[in-house]
Amino acid sequence: MNAAFASGVSGFASVTALMNRAADRVSGVRDLTIPDRPSRAVTTPGAPAGPSPRDPATGGRATPSPDYIGAAVDMIRAEHQAAASAAIIRAADDMVGALLDVKA
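So, how was this worked out
Residues numbered from 1 in each chain as written. Predicted model: local features only at pLDDT ≥ 70, side-chain atom pairs only at ≥ 80, totals over all residues. Heavy atoms only, no water. Axes fitted to C-alpha atoms, helices over the stretch in contact; angles between N-to-C directions. Helix = DSSP H or I, 4+ residues; strand = E, 2+ residues; numbered from the N terminus. Parallel < 35°, antiparallel > 145°, perpendicular 65-115°, else oblique. Left-handed = near helix turned anticlockwise from the far one by under 90°. Nonpolar A, V, L, I, M, F, W, Y, C, P; charged D, E, K, R; others polar. Buried < 20%, exposed > 50% of the residue type's maximum accessible area, 1.4 Å probe, protein only. Salt bridge = Lys/Arg side-chain N within 4 Å of Asp/Glu carboxyl O. Polar contact = N/O pair within 3.5 Å; in protein donor to acceptor, adjacent residues only side chain to side chain. Contact = heavy atoms within 4.5 Å.

1. Considerations on the packing of helix α1 (residues 2–26) against helix α4 (residues 68–103)
So, point 1. Where α1 contacts α4, the two axes come as close as 8 Å, and the packing angle between them is 165°. Taken together, the axes of α1 and α4 lie roughly antiparallel to each other. For the pair α1 and α4, the sense of crossing is left-handed.
So, point 2. Residues that form the contact of α1 with α4 fall into these classes: 20 nonpolar, 6 polar and 4 charged.

2. Some remarks on the environment of Arg21
So, point 1. On the secondary structure map, Arg21 appears in helix α1.
So, point 2. Accessibility expressed as a relative area gives 48% for Arg21, which makes it partly exposed.
So, point 3. Put simply, Arg21 and Ala71 are 50 residues apart on the chain and 8.2 Å apart in space, counted from C-alpha to C-alpha.

3. So, the pattern of salt bridges
So, point 1. Inspection of the entire model under this criterion finds 2 salt bridges.
So, point 2. Among the ionic pairs, Arg25 bridges to Asp74, the shortest N-O distance being 3.1 Å. Taken together, the residues span a long stretch of sequence, with Arg25 in helix α1 and Asp74 in helix α4 at a distance of 49 residues.
So, point 3. On the basis of relative accessibility, which here comes to 11%, the residue Asp74 falls in the buried class.
So, point 4. The structure contains a network of salt bridges with shared partners spanning Arg25, Asp74 and Arg77.

4. Digging into the side chain of Asp74
So, point 1. A distance of 3.1 Å separates the side chain of Asp74 from the side chain of Arg25, its partner in a polar contact.
So, point 2. Those residues in contact with Asp74 that lie beyond four places of it in its chain are Leu18, Ala22 and Arg25.

Listed below in structure tokens is the structure:
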């Protein structure tokens, strides 16, 4: 019976790692869609009002595009694996309960 519980708990541990990796890939979206705050032009006479252009080589963030589809698939797979792990633990619990009912 302990092996069944251990299998379910091990499943949850691997699901947690899978979900964390997928979440890390998705969290890269901030670097791609929200640029750094542009710097304001120096307040000198004749200087243009508003933000000044930035050189992406010095002030922008460039990261590779995350694999959103792969991350979404991993999250769905993790959801299904977590449900399967919960079913394993539930079945092991039911077996232990049935065994105790027979012994009593």
